[in-house]
Amino acid sequence: MSSKGVIGFAILAAMLAAALLARWIAPTDPNEQDILNGLAAPFSRGETGNVAILGTDRLGQDVLSRIIYGARVSLIVAFGAVGLSAVIGIAAGCVAGFMGRVAQSLVLTATDIVLSIPFVLLALALISALGAGIVNVIVAFAMVRWAQFARITYALALEIREREWFQACRAGGIGFGRTMLVHVLPNMSGPLLVVASLELAYAILMESGLSFLGLGVPPEVPSWGGMLQEGRNEMETAWWLTTLPGTAIMLAAIGFNFLGDWLRDRLDPGLQQVLR
Amino acid sequence: MLAYIVRRLLLMVIVVAGVMSIIFVLQKLAGDPTLILLPVDASAEARVLLRSQLGLDRPVWQQYLAFLGRVATGDLGHSWKFNQPAAAVVLEALPRTLLLAGLALLFGIATAIPLGILAAIHRGRWVDTLATAIATIGQAIPVYWLGLLLIMVFGARLRWLPTIGGEGVAALILPTITLGVLTMARIARITRSSMLEVMGQDFIRTVRAKGMGEPNVLFKHGLRNAMVPIAVLIGLQLGSLLGGAVIVETVFSYPGVGRLAVNAVYARDFPMVQAVVLVVTVVFSLVNTLVDIICAALNPQIRLT
């Protein structure tokens, strides 16, 4: 395994562990306030004698605990958003690739439309219409990014359509749904996993960006973007409130990007072409 | 060529119409605007009156056509917060956003192409490692966080540059770098791989064997042939720059359309949000169409697909 693959897996494993085991490994409750011990620097000993390894924020909430719990939000939103876009996009891509010219031009025009709106702006419009919140962030992401999956799926479909095994399936009378699910999808899984991995990195960046603007996850839920938003006002006095959550976001994005790169390098050359 | 241009313009019209339809659906989802426009204790009669004044009591398809008609004549709605036509407010802020995005693109190109070339000719050496590290971090760093870090270091600690809401050229430096880093990372990456591919080809060996000097080999034959994928990628950057501007402008309190949109969301000023989305999308589609037509003029193969 390449070093990129190892690093990618290590970061993803650490995030998963933090998200799943947060209750056991976080030193304190992430929302437990201790005003007397507010803005404690990393490793400093507070009034009560507790050492906050990564410091505390203005309300005295433990930064390390909030970062550990923040992994939950990032992963839930990222997997939710990418999962939803993948389901919509792959279905649309298959329709475009296998169901004739009308379906093809309808789907491709739709992808042209959504991809020509800058994503952040469309997300803003959606959130201003529906309100902030985890579900709406997921919906906003899927509303735009399904097009990415649809385009790749369509490109793969064009190749698969010409393969003999596909024509054999059709000639052998296997139903359309079964052909898609049992035969076509497994043959597309490599490139689609690459796309999904890169989209996960993108989703993490977007969620934290929207939370940073105060338009994503509500403030009482610990999230990395929300922490940055709160730390912004203490930038000159409490550097750890700005630098640490940002580092977490960046590492998570690097992890998923590396995983995607590693998967792409492992694919066979024919499939790599499609991702260009 | 003419057929291609017509087809491309037609696609642009379809795209803009599609975006307008999406906005209209969102507008309907946003709920009853009289809840925001009128005070909480307004009478039911006043609400009914305002709804009919706004045309909200007509069938949805009539509202949709009326909306399309208004947008086509440049009426993007009335900003509730600014109490003036939303289009005027957006158009006033638009040049500043385009300036920021343009500067960021220039910054990205000017740093990334030399970096990518250096990395390619010194493959495996420290320059290459550095370029790869910059590209990796640049693609994963959250832009607003980078902005905060730059403010922290150059504004608050060193006090070299104005940070938030400044005026003049100096105030543009940090936002430009912040917005341009992602573009730089992407272009550097593709420049490196494209140069590596071209420099390994037979014709490069031929010109070298004929005794041509290395700078000429590199720029006249190498870079010129490597430029096609780089140019295509540069053309694709505008969308992410306009999107990124939304966040960067908010971090630096830069008075462009992005900050306008974010503040409009806070103020629940939906007409303003919709005006920003429409105007930015139209600008973006226009530029994309132009880029596509230029590419097609330069490369006849594209016209056939």
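Cut-offs and rules
Residues numbered from 1 in each chain as written. Chains lettered and ligands numbered in written order. Predicted model: local features only at pLDDT ≥ 70, side-chain atom pairs only at ≥ 80, totals over all residues. Helix = DSSP H or I, 4+ residues; strand = E, 2+ residues; numbered from the N terminus. Rg over C-alpha atoms; globule rule 2.2 N^0.38 Å. Buried ≥ 20, exposed ≤ 12 C-beta atoms within 10 Å, placed from the backbone. Contact = placed C-beta atoms within 7 Å. Nonpolar A, V, L, I, M, F, W, Y, C, P; charged D, E, K, R; others polar. Core = buried A, V, L, I, M, F, W, Y, C linked by C-beta atoms within 7 Å. Domains from an automatic or database assignment. Axes fitted to C-alpha atoms, helices over the stretch in contact; angles between N-to-C directions. Parallel < 35°, antiparallel > 145°, perpendicular 65-115°, else oblique. Left-handed = near helix turned anticlockwise from the far one by under 90°.

So, about the overall build of chain B. Counting its regular elements, chain B contains 13 helices and zero strands. Order of helices (α) and strands (β) in chain B, N terminus to C terminus: α-α-α-α-α-α-α-α-α-α-α-α-α. Computed over the C-alpha atoms, the radius of gyration of chain B is 24 Å, more than 25% above the 19 Å expected from 2.2 N^0.38 for a compact globule of 305 residues. With the C-alpha coordinates of chain B rotated into their principal frame, the extents come out at 90 × 60 × 30 Å. Every one of the 305 residues in chain B was classed for burial, and the buried ones make up 37%. A sequence separation of at least 24 residues applies to 72% of the contacts in chain B between residues at least 6 apart.

Let us now look at the overall build of chain A. Scanning chain A from N- to C-terminus turns up 10 helices and zero strands. Overall, chain A shows an N-to-C arrangement of helices and strands of α-α-α-α-α-α-α-α-α-α. When the backbone C-alpha atoms are referred to their principal axes, chain A occupies close to 75 × 45 × 30 Å. Residues counted as buried form 48% of the 276 residues belonging to chain A. A sequence separation of at least 24 residues applies to 70% of the contacts in chain A between residues at least 6 apart.

Reports of interface size often rely on the accessible area that becomes lost once the parts have come together. Chain B puts 40 residues into the contact, and the matching count from chain A is 36 residues. Every element with two or more residues in the side of chain B that touches chain A is listed here: α1 (2-29), α6 (126-140), α7 (143-157), α10 (214-252), α11 (257-266) and α12 (270-298) of chain B. Of the residues belonging to the side of chain B that touches chain A, the class tally is 29 nonpolar, 10 polar and one charged.

Glancing now at the nonpolar core. With 163 residues, the main nonpolar core has Leu121, Leu122 and Leu124 of chain A together with Ala261 and Val276 of chain B as its most contacted residues. Looking at which domains feed residues into this core, each of domain 1 (2-72) and domain 2 (95-266) of chain B gives three or more. Among residues more than four places away in sequence, those in contact with Leu122 of chain A are Ile117, Ala140, Met143 and Val144 of chain A together with Val277 of chain B.

Below, the discussion takes up the packing of α6 of chain B against helix α8 (residues 170-199) of chain B. All names here are of chain B. Contact pair α6 / α8: the axes reach a minimum separation of 8 Å and the direction vectors enclose 135 degrees. Comparing their axes, α8 and α6 come out oblique. Seen from above, α6 lies across α8 with left-handed handedness. Counted together, Ala131, Ile134, Ala135, Gly138 and Gln139 of α6 and Val181, Leu182, Met184, Ala185, Arg186, Ala188, Arg189 and Arg192 of α8 form the full contact between these two elements. Of the residues assigned to the contact of α6 with α8, the class counts are eight nonpolar, two polar and three charged.

As far as domains go, chain B holds domain 1 (2-72) and domain 2 (95-266). Measuring from the centre of the C-alpha atoms in domain 1 of chain B to the corresponding centre in domain 2 of chain B gives 38 Å.

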